[in-house]
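Chain by chain, the residues run as shown.
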Amino acid sequence: MKRKKTLLGNFNWRKFIVILSVFTVITFLPIVIYLYLEKSVQSVANTISDDFMTLDLIDQVNSSYYDISGGSVKTQKVEYGFGIGNDGVCTVSANTNINTGSCVGRENGDAVNFSVTENVFSESNSITISSAPTGLAIGDEILIINLQGTQADHSNVGQYETAYITNIVDQTLTLDKNLTNGYDGTTQKIMVQRIPQYTDVTVNAGVNWYPTAWNGTKGGVFAFKATGTVTVTGTIHANGLGYRGGNKCAVGACNTTPGEGYFPILGNDGKGGATGAVGYAGSWSGGGGGGSYRAGGAGSNYSGSVGGGGGGSTNTKCTTNNCDGLGGGGGGGGYGTPGTGGYSRVTPGGNGTSSASGGGGSGALHYGDKRYSAGGGGGGKSSGIPDLSVLNFGGGGGGGGAGQGLSGSYYDGTNGSSGGGIILIYGESINVVGSIKSNGGDITAQPESKGSGGGTGAGGAIKIVGEQINLAIASTSASPGIPSTRGVSGGNGRIRIEYISSLAGDSVPPASTQENPLYSNSLVLQSSDLVSEDNNVVIQSFSYTLSSKPINTSASIQFSTDASTWFNSSGVEGNDDELVLGENVEILLDELNLESSEFYYKVIFDTNGGEDTPVLDAVSLTYSAAPEIPTMGAPEALSTSIIRWHFTDNANNEEGFALYDASDNLIKYCLGEDLTYCDETDLDENTQYSRKVTAYNSSGESAPSELAYAYTLVSTPTILEGGQKTVST
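What this report covers is the structure whose coordinates are included nearby.

Rules and cut-offs
- Each residue is numbered by its place in its chain's sequence as written, counting from 1.
- Two thresholds apply to this predicted model, a pLDDT of at least 70 for residue-level local features and 80 or more for giving and counting side-chain atom pairs, whereas whole-chain, interface and lining totals are computed over all residues.
- Excluded from the side-chain calculation are hydrogens and water; included are all heavy atoms of the structure.
- Secondary structure elements are defined from DSSP: runs of H or I of at least 4 residues count as helices, runs of E of at least 2 residues count as strands, and each element is numbered from the N terminus.
- To sort residues, take the accessible area from a 1.4 Å probe on protein chains only and compare it with the maximum for the residue type: under 20% means buried, over 50% means exposed, and anything in between is partly exposed.
- Contact criterion: two residues are considered in contact whenever any of their non-hydrogen atoms come within 4.5 Å of each other.
- Each Phe, Tyr or Trp ring, with Trp reduced to its six-membered ring, pairs with another whose centre is within 6.5 Å; inter-plane angles below 30 degrees give stacked pairs, above 60 give edge-to-face pairs, and intermediate values give tilted ones.
- Working rule: Lys NZ or Arg CZ, within 6 Å of ring centre, within 35 degrees of ring normal, means a charge sits over the ring.
- Polar contact is defined as a pair of N or O atoms within 3.5 Å, subject to the rule that within protein one atom must be able to donate a hydrogen and the other to accept it, and that residues adjacent in sequence are counted only when both atoms are side-chain atoms.
- Each pair of strands is called paired provided DSSP finds at least two bridges between the two strands.
- Convention adopted: a line fitted to C-alpha atoms gives each axis, helices being fitted over their contacting stretch, and angles between N-to-C directions are expressed from 0 to 180 degrees.
- Any carboxyl oxygen of Asp or Glu within 4 Å of a side-chain nitrogen of Lys or Arg constitutes a salt bridge here.

A closer look at the overall build of the protein chain
- Counting its secondary structure elements, the protein chain contains 0 helices and 47 strands.
- Expressed as a percentage of the 729 residues in the protein chain, the buried residues total 52%.
- Sequence-distant contacts in the protein chain: of pairs separated by 6 or more residues, those separated by 24 or more amount to 70%.

Looking at unusual backbone geometry
- A cis geometry characterises the amide bond from V508 onward to P509, with omega recorded as -5°.
- Here R486, not a glycine, exhibits a phi torsion of approximately 55°, which is positive.
- Inspection of the secondary structure puts R486 in the loop between strand 25 (476-477) and strand 26 (494-504).
- One non-glycine residue with positive phi stands out, namely N686, at about 50°.

Remarks on the packing of aromatic side chains
- Taken as a whole, this structure holds 13 aromatic pairs when the rule is applied.
- A centroid spacing of 6.1 Å and a plane angle of 40° characterise the contact between Y198 and W209, whose relative ring orientation is tilted. Here the residue Y198 occupies a position in strand 16 (residues 197-203), and W209 occupies one in strand 17 (residues 208-210), the gap between them amounting to 11 residues. The pair formed by Y198 and W209 is uniform in burial state, with each residue classed as buried.
- Summarising the aromatic geometry, the rings of Y669 and Y696 are spaced 5.4 Å apart at their centres and angled 85° between planes, so their arrangement reads as edge-to-face. Pair noted here: Y669 is in strand 41 (residues 666-671) and Y696 is in strand 43 (residues 688-697), with a separation of 27 residues, a long-range link. The pair Y669 / Y696 is uniform in exposure class, with both members buried.
- Ring pairing ties together the aromatic residues Y198, W209, F222 and F224, which thus form one cluster.
- For R494, the ring lying beneath its charged end belongs to Y335, and the centroid distance is 5.7 Å.

Some remarks on the side chain of T613
- Checked against the element boundaries, T613 lands in the loop between strand 35 (600-606) and strand 36 (615-624).
- Engagement of the side chain of T613 in a polar contact is seen with the side chain of T75, the distance being 2.7 Å.
- Excluding anything up to four places from it in sequence, T613 contacts K74, T75, Y519, S548, P550, T553, F605 and T607.

Some details on the sheet that holds strand 32 (residues 577-578)
- With antiparallel pairing, 4 strands are arranged side by side in an open sheet as 29-35-31-32. Single-partner strands in this sheet number two, and they are strand 29 (522-526) and strand 32.
- Direction of pairing for strand 29 relative to strand 35: antiparallel, over a ladder of 5 bridges. Counterpart to S522 in the pairing with strand 35 is D606.

Re the sheet that holds strand 24 (residues 461-471)
- The strand order 6-16-18-22-24-26-28 describes an open sheet built from 7 strands, whose pairing is parallel. Of all strands in the sheet, those with a lone pairing partner are strand 6 (88-92) and strand 28 (512-515), marking the two edges. Taking the axes of each pair of neighbouring strands and ignoring which way they run, one obtains an average angle of 25° across the sheet.
- Judged from the 10 bridges that link them, strand 22 (residues 422-432) and strand 24 form a sheet pairing that is parallel. Residue I430 lies in a different strand from strand 24, and its bridge partner there is I469.

Points about the pattern of salt bridges
- Under the definition given, this model contains 11 salt bridges.
- Ionic pairing is found between E260 and R244, a salt bridge with its closest N-O pair at 2.9 Å. Residue E260 is found in the loop between strand 19 (235-237) and strand 20 (403-404), and its partner R244 is found in the loop between strand 19 and strand 20; the two are separated by 16 residues along the sequence.
- When its relative accessible area of 7% is taken as the criterion, E260 is described as buried.
- In this structure, D679 engages R644 in a salt bridge whose closest nitrogen and oxygen atoms are separated by 2.7 Å. Taken as a pair, D679 in strand 42 (residues 677-680) and R644 in strand 39 (residues 643-648) lie far apart in primary sequence, 35 residues in all.
- Beyond isolated ion pairs, a larger network of salt bridges with shared partners links D87, D140 and R194.

Now the structure itself:
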């Protein structure tokens, strides 16, 4: 506020006039002495502190990766999706199917699942399931996964993501975010499955916990999250619950079929040759084994992870007792590693590789006592990604071919077995004393004397994410199934383990592992305006308490008066001050002569790649500021020349008060704290005056109060004896 100065106002406002009447003993003459005394000037400090119990003084828009809790600031932990724990404590004390049963007493299965038969585009925030959403509720997290495609459309198989349900209308689920991937349920097998959100999980000894098998539409997936400790003393498994195995042949005139994979095998693709017929090429699978005295089919170099069927055999041209025909075995399914080529007395099927499925072996026409035996089916190729950013089942094994004895009777082979399913486990602390398995299915049936075994399915997918993970030796596996006599194994599955602080134990096959950071790489904590004054204040110092600063981490601070230009305590723009360990560490700022109505700070942490974080416990800013505006009260006329101007002191840092007229002319100073009035003298009789009041200290002066108005008193007559009058005030 600009003010017009009167004669008195031309003096420095930090001075006041004292008029002292001194009467000398000798002359008794009044002497008027004007003394100009400097007011006692002491810096009146204001302090604003933040103990981080609330976010009131934090600019949340311009701050990032911070965690304020319990009165401390740390770098935010990386969110690895351990869930929200709303299903509570889970204890599995009996064999339980997670899709249809519950370990927490739910009426429906903990992980109910549904098919999707509509085309859902990427960036959509809703998905429609094919049946009533029984067992789903708002707030549930769901897994959306593409489990199988077609020969013409399978590049998206294995893509998956999660989302929370925010609304349910009929069969349509509204989600909390837009989907990253598209899911075309018109051509592919899309599944939605509820992800249970447990706190602690215990799987008791001797107990199996598993999902429903893949049925060509849905199933085969086991998944949950836990905010606390997961203890597995029993078994979690998806053994043989993935892609299905191929069929055997009971007679020489039929064709064995290959196993199932990324898409259903159509037509004759990969089938074993019937008696005396060639094996079929595997456009998307291992080649079929050739029938007796016929060639095997070629294997695929596409993403067929399945074993081809074994060929059939005959003895119709055999004239001796030592040339019985022996059927060819089915090829093993592939996934993490390729499957093995099917068994044959003459030409086994080719093993799968990382680039192609194996070709079927040819049957023999003349080969000593092995004549007329069939070739084996080719093994499936490997597929998938080690980090399991896409998830697939293990490929199914091919069916085993039938054989024919001297009597002309046919002897069965065996079906191929299914691949392993998918297991997803997220938990803060995971301890496995029992086992977690997604092996290919075992073939326990034995082929008859002239038949051969089908190939076993490959191991499936296991992904485990936790802060601390402890696995018993070889407790976690994604191995191929165990074959029968004259049968072969599929390939290994894939295991991915992501941990934060510790990983102990191993798996079969060895897992792809990744140590994840505990914290984000850096923190930025920017304050809101700490001053929020109408007038400028003088910044004096900034203090902080830093209770932790681990080795190789860093903490620094910058300051600003506009939240745009940042500088250090020396005033160098763009530079910062290092924060050091200590309590109430002071950074002096008074030499910068910062006078502003705004003030901000910005703290930056570097966590050394997320390894650890500094901890900031408190900050405080010290500044000096003008006092709060007084509130003018009702004035009081004391005489014909004196008015007492009453006011309410609203400040706690004032040194005195000043009176101004309506034109902002300074009238007088009233020195002292906690005053409630200021007397104005030497006024004219019966005259109206208007005044306003301010409070001041060494940092400045408040804005003025509202105007108040008052008249001085008028002289009144006094009646004397005898009727004479005089005037009295």
